[in-house]
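# Summary of structural features
Single-letter residue listing:
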Amino acid sequence: MNVVSLAARNVLRNRTRTILTVLGVAVAIVAFVLLRTVVTAWNVAVDYAAKDRVATRHKVSFVMTLPKRYIDTIRGVRGVRAATWANWFGARDPRNPDSFFANFAVDHRSYLDVFDEMQVPPADVAAWKADRRGAIVGDVLARSLGVRKGDRLTLEGTIFPGNWEFNIRGIYTATRRSVDRSQLIFHWDYLNESLPESRRDQIGWTVARIDDPSRAAEISRAIDRTFDSQDVQTLSMSERQLNNSFMAMFDTLLDALDIISIIILAILLLLLGNTIAMGVRERTNEYGVLRALGFLPRHVVTFIVGEAVVLGLIAGVAGIGLSYPVVEYGLGRFLEENMGGFFPYFRIEPTTTVAAMGLAVFLGVVASLVPAFRASRLTVTDALRRLD
Amino acid sequence: MVPIVYNLRSLAVRKTTTLATAGGVALVVFVFAAVLMLSEGVKRTLGRSGSDDIAIVLRDGSDAELSSGIEAPQIALITAPSEVKRRGGGAPDAAAEIVAVLSLDKVGTDGQSNAQIRGVPDDVMSFRPSVRLVAGRVPRPGADEAMIGNAIRGRFRGLDMGQSFEIRKNRNLTVVGVFEDGGSSYESEIWAGRDQVQSALGRGTVVSSVRVRLRSRDVFERYQRQLQSNRQLGVDVMRESDYYAKQSEGLSIFINALGILVAFFFSVGAVIGAMITMHASVANRSREIGTLRALGFKRWQILLCFLLESSILALVGGLLGAAASLSMALVRFPMVNFASWSEIVFTFEPTPGVIIASLVVAVLMGLVGGFLPAVRAARADVLSAIRA
Amino acid sequence: MSAEPIVKLSAVNKTYFRGSESIPVLDGLDFEVPDGAFQALMGPSGSGKSTLLHLIAGLDRPTKGSVQVAGKELSKMSDAELAAFRANHIGFIFQSYNLLPVLTAQENVELPLLLTKLGRGERKTRAQTALRVVGLEERMGHYPRQLSGGQEQRVAIARAIVNDPQILVADEPTGDLDRKSADDVLELLGRLNTELKKTIVMVTHDPAAAERATVTRHLNKGALQ
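Report follows, based on the coordinates. (Residues numbered from 1 in each chain as written. Chains lettered and ligands numbered in written order. Predicted model: local features only at pLDDT ≥ 70, side-chain atom pairs only at ≥ 80, totals over all residues. Heavy atoms only, no water.)

### So, the overall build of chain C
Rules: Helical segments are the DSSP runs of H or I of at least four residues, strand segments are the runs of E of at least two, and each set is numbered from the N terminus. Based on C-alpha atoms, the radius of gyration is set beside the globule rule, defined as 2.2 Å times the residue count to the power 0.38. With a 1.4 Å probe rolled over the protein chains alone, any residue whose accessible area is under 20% of its type maximum counts as buried; one over 50% counts as exposed, and the rest are partly exposed. Should any heavy atoms of two residues lie within 4.5 Å, those residues are considered in contact. A positive count includes Lys and Arg, and a negative count includes Asp and Glu. His and the chain ends are not counted in either. By convention, the point assigned to a charge is CZ for Arg, NZ for Lys, CD for Glu and CG for Asp.
Scanning chain C from N- to C-terminus turns up seven helices and ten strands. Compactness check: chain C gives a C-alpha radius of gyration of 17 Å against a globular reference of 17 Å for 225 residues, within 12% of the reference. By principal-axis analysis of the C-alpha atoms, chain C measures approximately 50 × 45 × 40 Å. Per-residue burial for chain C yields a buried fraction of 54% across its 225 residues. Across chain C, every contact between residues at least 6 apart in sequence was considered, and the portion connecting residues at least 24 apart equals 71%. Seen as two clouds, the 27 positive and the 27 negative side-chain charges of chain C have centres 4 Å apart.

Here's what the structure looks like:
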């Protein structure tokens, strides 16, 4: 027997209360892990962004286009190894107009060379390049659209009116977590040739692959300087910066999630604090007995804090054990398939697990400090008097 | 009936526990109320923007003003039908506008975000009489001037009285006025002369949408039929209120899903907290319960007594939480509208319905949490309760 | 008596304060217990006998006066010193046993030894020895709820003697027990007094218990009679 085992046994003493507390804290931890995972999963795009890519768009607005000749200029900038371009197409599936997925018209010659994390079998790439109406879709999107290689798919344009027919020539998978597996890409030429003369030869944005990732900022500035005297000016930034600025649009939402996370922790603290305070109150006479036997106030504090640590550990393990099935297999699957654009990889980060566990124990200790301090301050005779 | 005073004093005696539990409920109700208030705020902001005697005309197939384009000659055809209200001089009460998105530096961050810019006709104030200037003046026709909604004032670099922002190379618009529109989403927009916006963005004479005020809300169907049957025109006609409801759909679903998820986890936590407290309360008072039973109180009266006590406990928390949530009315919550990728500033709208719903939820949590302990109390045997 | 008394209280005053009201419990009390004695303290409730017991056991300090136990002056000691004193010199026996319900009989007895530097094996041996003295060695794996009241009190007595104190202080040790168990406990206390030479101070209401003691003293309104 030792102090720790005495603390552990006291935790198990009021079984109903311990089970309820563990359950309550576990639920709070699941909610906490869920919210933190929303934040980390959202940040995945930033964390895993390619370091050697620089994107360029219209300076004033992302909805405005660049002249196609800009791509040649960009390819000539020193440090740029390869460059490609794409246009936002914004079409939707007429069978399911409310479900959103990204679809781009891309330069079929160069796009997959720059975005090499999109993995397509070489034979399929060749077939796609050869077919003007060919399209490649992500595996997640293929599942939700119910299409396979060789199928025909009709999309309804919103920016570019009409029905657009595509042949699915390949399915891409991802080598990196940050890749949205719910995209559709097709030949830019197909779009361009369908447009009236006045709207032709416009590109949405370009993406350049550079030799030296550390020079991303420098090369971005070099590109923008090139077009400074032109009528249409550009804004270039590294992919990481681009993703960061996309995240910045949602910073209030992320702040809200942070605040809710903190409230969850406060609830957790109240739950643990309540249970510990109750246990301490019921056992005050025992602390009196211990003191009468010669134990010191600090021993009493150790007993109570020890109990809290044990309770926090049990609850933390239960919460994390519950989080994995709920977050990864329940919600994670759903979000990856339905909101792949935001959450391409919705999994619990190890750091989240460690943080949740640490917080459960830490908050247990914090919750026990006041009752422990109060119990240790009682005189022996006062504590003993609460005998009956 | 056991007098309520008994419950109130019992709660008062166990101060710490009562406060911890009520505090937990308060936090849950706070978050719950805040989510409901935000949901109300979204409804108000986007609902205010639309009225049902106004029809909005977009190009066929485009689901938002941003992706729509209508050629200038078509405007006259759209405003010609007799269902359209006339102004004094016989001109149609209508507004043809162009909408785009500007990327601007966000104040307080190093990122950019998007703001919607609307090129409006010179007589926009007579088409939208609810819009009211709170500072400065209306832009002079033909001048490179703009007015901005009150909600985005100061949120982006260049968006405040006397400041200016770039809309095209070497072409800045100066902010000369700030307007309000009862909290509608227009307050998150930049308004400038239509010709200025069209020329600066190189869009020729194309507009995004045409709004017409109808003679009455009842003639909408006739007007819609008339325009949509004209294949040459190729337009979609919607009630403005329906259009905004559809614009906010994604956002509403998102907020509600998040709210439901958070509310679910949180209420489970609060219910468990109430259960722990009531469980301990019943256990500590077995002697009292036995006495009450010995005095002749029936089992159902004991049950009711404890259910009442836990409801009061939860109601105290509910009142605290609801009161705290009122402070959210001061918070502005900018969110990216998924339909336009531009920011709209929402507020938290504390309606009586929200407060009542929060309190009802609090009491429900108390009842659910108190049920099992109350049953236990009611089932206690008189003799063993007294002996304990 | 030739030897120094093991307990010596001189001019002891103990006053409790409840708000602004002061309640004098002991007023100028002189009290001595010779080494090796078995003294019973009787008196109506509120007479100050528990307060006196607490002072002797080092659970409390006097408001005024001197308390000397086992050659130590307790009235000037700090809380920590008092705790160490209790651990080394006093064995305390409560009316309601006060065993920790989550510990077995042996673990309860072992509890005070956690304060010493003794190793695990040594602690166990000593606890078992103490349990043998009270005749409960075959119950050492039982939890308090599995024991009768008399057995619980004997475990509590084993806990009181496990660190070999000179003085045992008992507060109504037979108050919660039936006659038979009470007699067993008193018999045990008598043996501890005669065989192990423990000095015993016992507060009791029970005349039969008082009879076991070598001396019975009566306390009334804070004064010896």
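### Digging into a nonpolar patch on the surface
Convention followed: Two distance rules govern patches: like charges are joined within 9 Å, and nonpolar side chains (Val, Leu, Ile, Met, Phe, Trp, Tyr) within 5 Å, applied only to residues with over 30% relative accessible area and no salt bridge. Accessible surface is estimated by sampling points in the Shrake-Rupley manner with a 1.4 Å probe; for residues, cover comes only from the protein chains shown. Salt bridge, as applied in this entry: a Lys or Arg side-chain nitrogen positioned within 4 Å of an Asp or Glu carboxyl oxygen.
There is a patch of nonpolar side chains on the surface, built from Ile356, Val360, Leu364 and Leu367 of chain B and spanning about 340 Å² of accessible area. Take Val360 of chain B: it is sitting in helix H11 (residues 352–379).

### Brief notes about the pairing of strand E4 (residues 102–106) of chain A
Residue and element names in this part refer to chain A. What counts, and what does not: We call two strands paired when DSSP finds no fewer than two bridges between them.
With respect to burial, E4 is a largely interior element, five of its five residues being buried. Sheet topology note: the strand E3 (residues 80–88)/E4 ladder contains three bridges and is antiparallel. Across the sheet, residue Trp88 finds its bridge partner in E4, namely Phe104.

### Quick word on the interface of chain A and chain B
One frequently used descriptor of interface size is the decrease in accessible area upon assembly of the parts. Applicable threshold: By convention, the term buried area covers the 1.4 Å-probe accessible surface removed from two parts as they join, with the contributions of both added. In the analysis that follows, any N or O atom pair within 3.5 Å is treated as a polar contact, provided that within protein one partner can donate a hydrogen and the other can accept it, and provided that, for residues neighboring in sequence, both atoms belong to side chains. We call Asp, Glu, Lys and Arg charged. Ala, Val, Leu, Ile, Met, Phe, Trp, Tyr, Cys and Pro are nonpolar, and the rest, Gly among them, are polar.
With 58 residues of chain A in contact, the opposing surface of chain B contributes 56 residues. Interface area for chain A against chain B, summed over the two sides, is near 4800 Å², with a carbon-plus-sulfur share of 69%. Of all residues in chain A, Leu20, Val60 and Met249 of chain A give up the largest surface area on contact with chain B, accounting jointly for 13% of the area buried on that side. At the surface where chain A touches chain B, the tally comes to two salt bridges. Arg168 of chain B serves as the salt-bridge partner of Asp231 of chain A, at 2.6 Å between the closest nitrogen and oxygen. Summed over the shared surface of chain A and chain B, the result is 13 residue pairs in polar contact (both at pLDDT 80 or more). Taken together, the elements giving at least two residues each to the side of chain A that touches chain B come down to helix H2 (15–47), helix H9 (239–248), helix H10 (251–282) and helix H12 (297–338) of chain A. No other element matches H10 of chain A, which puts 17 residues into the side of chain A that touches chain B. Partitioning the side of chain A that touches chain B into residue classes produces 33 nonpolar, 14 polar and eleven charged.

### Digging into the packing of helix H8 (residues 249–284) of chain B against H11 of chain B
Angle between the axes and distance between the axes: these two values describe a pair of packed helices. Residues and elements named next belong to chain B. Let me state the cut-off plainly: Orientation is described by axes fitted as lines to C-alpha atoms, over the contacting stretch for helices, and by angles from 0 to 180 degrees between their N-to-C directions. Our angle categories are set so that under 35 degrees counts as roughly parallel, over 145 as roughly antiparallel, 65 to 115 as roughly perpendicular, and the remainder as oblique. For a crossing to be left-handed, the near helix must be turned anticlockwise from the far one by less than a right angle; the clockwise case is right-handed.
Following both chains from N to C, one finds H8 and H11 inclined at 30 degrees, their axes separated by 7 Å at the closest point. Overall, the two elements H8 and H11 adopt an arrangement that is roughly parallel. Note on packing geometry: the crossing formed by H8 with H11 is right-handed. Residues Ser267, Ala270, Val271, Ala274, Met275, Met278, His279, Val282 and Ala283 of H8 form the contact with H11, whose own contacting residues are Met365, Val368, Gly369, Gly370, Pro373, Arg376 and Ala377. In the contact of H8 with H11, the residues fall into eleven nonpolar, four polar and one charged.

### Topic: the interface of chain C and chain A
On the side of chain A, 22 residues touch chain C, which itself brings 26 residues to the contact. Summed over the shared surface of chain C and chain A, the number is one salt bridge. On inspection of chain C and its partner chain A, the count reaches four residue pairs in polar contact (both at pLDDT 80 or more). Elements with a minimum of two residues in the side of chain C that touches chain A: helix H2 (79–89), helix H3 (105–110) and helix H4 (120–133) of chain C. Here the side of chain C that touches chain A gets four residues from one element, more than from any other, and that element is H2 of chain C. Here the side of chain C that touches chain A is built from residues that sort into 15 nonpolar, four polar and seven charged.

### Focus: the pairing of strand E6 (residues 90–93) of chain C
Residues and elements named next belong to chain C. In E6, alternate side chains face the same way, and those of Ile90 and Phe92 on one face and Gly91 and Ile93 on the other are all buried. Pairing between E6 and strand E7 (residues 167–171): four bridges, direction parallel. Opposite Ile93, over in E7, you have Ala170 as the bridge partner.

### Quick look at the sheet that holds strand E3 (residues 38–42) of chain C
Whenever strands of a sheet pair, they do so through backbone hydrogen bonds, lying parallel or antiparallel. All names here are of chain C. Read across the open sheet, the six strands follow the order E6-E7-E8-E3-E9-E10; overall the sheet is mixed. Across the chains shown, the open sheet's two edge strands, defined by having one partner strand only, are E6 and strand E10 (223–224). Of the strands in this sheet, E6 and E7 touch H2, which is tilted by about 85 degrees from E6. Packed on one face of the sheet, helix H5 (residues 149–161) meets E6 and E7 and runs near 165 degrees to E6.

In short, shape yes, function no, at least from these values alone.
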